[in-house]
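Now for the letters of each chain:
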Amino acid sequence: MSYFRPAIDAMTGYIPGEQPKSGIKVIKLNTNENPYPPSPKAIAALQTIDGDSLRRYPDPFAHEFCQAVSEALGVPKDWIIVGNGSDDVLNILIRACAEGRDRKVVYPMPTYVLYRTLAAMQPSETVEVPYGENFELPIEQLVAANGAVTFIASPNSPSGHAVPLEDLRKLAQQVSGIVAIDEAYVDFAEYSALPLVQEFDNVIILRTLSKGYSLAGLRLGFGIANPQLLSGLFKVKDSYNIDAVAIAVGTAAMRDQEYKDANANKVKTSRSRLIDDLKNIGYTVPRSYGNFVIATPPRSNAEEIYLKLKESGILVRYFNQAGLADKLRITVGTDEQNQALYDQLTLIG
């Protein structure tokens, strides 16, 4: 006898990147966290939190944070929905739009596997369409899959590629459902698909403060879309899904774009150097638009190298799945962390 729905018994839960045990010092390059601290203004906002802010329920729509997003990105305040991390907004989308075989969740692969997990929880049928050989967006197959929601991560993890804006535009023009463009890594890229929300009423852009803003521990993200699309999402949003601390700290961080951009530029510079260093020791490393790289060792022994790095106190991400088993995803750290990684890889050979 099971206490759970058949869909839950049948599914596999999402497995987050490994977290080191408390007190153990490691170089953590496995979960794409920003290596630099949050904005000093965000830290100052955290220190202003008082007991009354914690005693009362928070603003259910995080209006102050939405105002800060509006000012920073030039979008109307009522075009924003806030979530407990962008993963929360992903979940809201699927709960509101997807169901069974008739309202599918569609996405190209490889990509963020939480899309699969959230669809299984609903449950909703998924259609996983392989990317082209050079990560060309398979527009025709995605359209033919007829998804209620089609997820496109750009920049994409774990590949690091960015989908051309014109391809995203063509997809939005042709699908009948929602196109959700997941821009978790956009702060390290060269362009955003944000203009598409003004062109298409079926497009939503997803953002997070976990990467560019160094606030992965805060759990704060948001979506941008026209109010008609958001109206259905607000119906299934948890009543108070954003806490008072996150609203205050996130608002301060959003209003310090200069600090965020400076750190993102440091990461991009380090990313270029890391790619060059890995290539120098025989790794195959395509161009990346995220704060990470995907690297194939010269002997394709990715799992062996992952384990040896772990023994030496360096965590990188290994995916034991088709198309990725010979690769490592490596977060871009500080120059010192990247050098330590390079030195260890040189020793491993």
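Counting of residues starts from 1 at the beginning of each chain's written sequence and follows it residue by residue. Side-chain atom pairs in this predicted model are given and counted only at pLDDT of 80 or more, local residue features only at pLDDT of at least 70, and totals for whole chains, interfaces and linings cover all residues. To get the side-chain values, take all heavy atoms of the structure and skip hydrogens and water.

Draft legend 1. Examining the environment of Leu328 more closely. By secondary structure assignment, the location of Leu328 is in strand β12 (residues 328-331). For Leu328 and Asp238, which are 90 residues apart along the polypeptide, the C-alpha to C-alpha distance reads 36 Å. Residues contacting Leu328, with those up to four places away along its chain left out, are Val293, Ile294, Ala295, Ala302, Ile305, Tyr306, Val316, Arg317 and Tyr318. Helix and strand assignments follow DSSP, with helices taken as H or I runs no shorter than four residues and strands as E runs no shorter than two, numbered in order from the N terminus. By definition, residues are in contact when any of their heavy atoms lie within 4.5 Å.

Draft legend 2. Layout of the packing of helix α4 (residues 63-73) against helix α11 (residues 244-254). Axes here mean lines fitted to C-alpha atoms, for a helix over just the part in contact, with angles spanning 0 to 180 degrees between N-to-C directions. Where α4 contacts α11, the axes come no closer than 9 Å and their chain directions differ by 10°. With respect to their mutual orientation, α4 and α11 come out roughly parallel. The handedness of the crossing between α4 and α11 is left-handed. Contact residues: α4 offers Glu64, Phe65, Ala68, Val69 and Ala72, while α11 offers Ile247, Gly250, Thr251 and Met254. Of the residues assigned to the contact of α4 with α11, the class counts are six nonpolar, two polar and one charged. Roughly parallel refers to an angle under 35 degrees, roughly antiparallel to one over 145, roughly perpendicular to one between 65 and 115, and oblique to any angle outside these ranges. Crossing handedness is read from the near helix: turned anticlockwise from the far helix by less than a right angle, it gives a left-handed crossing, and turned clockwise, a right-handed one. Gly counts as polar in this scheme, as do all residues outside two lists: the nonpolar Ala, Val, Leu, Ile, Met, Phe, Trp, Tyr, Cys and Pro, and the charged Asp, Glu, Lys and Arg.

Draft legend 3. Structural detail: the nonpolar core. Each nonpolar core is a collection of buried residues, namely Ala, Val, Leu, Ile, Met, Phe, Trp, Tyr and Cys, held together in the definition by side-chain atoms within 4.5 Å. The classification of residues rests on relative accessible area computed with a 1.4 Å probe and restricted to protein chains. Under 20% of the type maximum is buried, over 50% is exposed, and intermediate values are partly exposed. Counting residues in hydrophobic clusters, the biggest one holds 45 residues, and the most contacted among them are Phe65, Val203 and Leu209. The biggest single contributor to this core is α11, with five residues. Val203 has contacts with Ala172, Val179, Ile181, Leu196, Val197, Ile224, Ala225 and Leu229, leaving out every residue within four places of it along the chain. Membership of the second largest hydrophobic core comes to 29 residues, among which are Tyr283, Ile305, Tyr306 and Leu328.

Draft legend 4. Spotlight on the sheet that holds strand β5 (residues 147-153). Two strands qualify as a pair provided DSSP detects at least 2 bridges between them. Overall, mixed pairing links the seven strands, which are arranged β2-β8-β7-β6-β5-β3-β4 in an open sheet. Only two strands of the sheet have a single neighbouring strand rather than two, namely β2 (80-83) and β4 (124-130). Strand-to-strand twist of the sheet, defined as the mean angle between neighbouring strand axes without regard to direction, takes the value 20°. Helix-sheet contacts for helix α6 (residues 114-121) involve β3 (100-109), β4, β5 and β6 (178-182), and the interaxial angle to β3 is about 170°. Sitting on the sheet, helix α10 (residues 227-236) touches β2, β6 and β7 (203-208), and the angle it makes with β2 is about 30°.

Draft legend 5. Up close: unusual backbone geometry. The residue after Gln122, namely Pro123, is reached through a cis peptide bond having omega -5°. Within the element layout of this structure, Pro123 appears in the loop between α6 and β4. Put simply, Ser157 and Pro158 share a cis peptide bond, and its omega is 15°. The residue Pro158 is located in the loop between β5 and α8 (165-174) in this model. One non-glycine residue, Arg219, lies in positive phi territory at about 65°. Along the chain, Arg219 falls in the loop between β7 and β8 (221-224).

Draft legend 6. Geometry of the packing of aromatic side chains. Within 6.5 Å between ring centres, the rings of Phe, Tyr and Trp (the latter by its six-membered ring) count as paired, and their orientation is classed by plane angle as stacked under 30 degrees, edge-to-face over 60, tilted in between. The full count for this structure, using the stated rule, is 10 aromatic pairs. Measuring from ring centre to ring centre gives 4.6 Å for Tyr115 and Phe151, while their planes differ by 10°; the resulting arrangement is stacked. Taken together, the positions of Tyr115 in helix α6 and Phe151 in strand β5 put the pair 36 residues apart, joining distant regions of the chain. On the basis of relative accessibility, which here comes to 1%, the residue Tyr115 falls in the buried class. Residue classification places Phe151 among the buried positions, given a relative accessible area of 1%. One aromatic cluster is present, built from ring pairs that chain together Tyr14, Tyr107, Tyr112, Tyr115 and Phe151. Geometrically, a lysine NZ or arginine CZ counts as sitting over a ring once it is within 6 Å of the ring centre and also within 35 degrees of the ring normal. When the ring centre of Tyr36 is taken as reference, the NZ or CZ atom of Lys266 above it lies at 4.1 Å.

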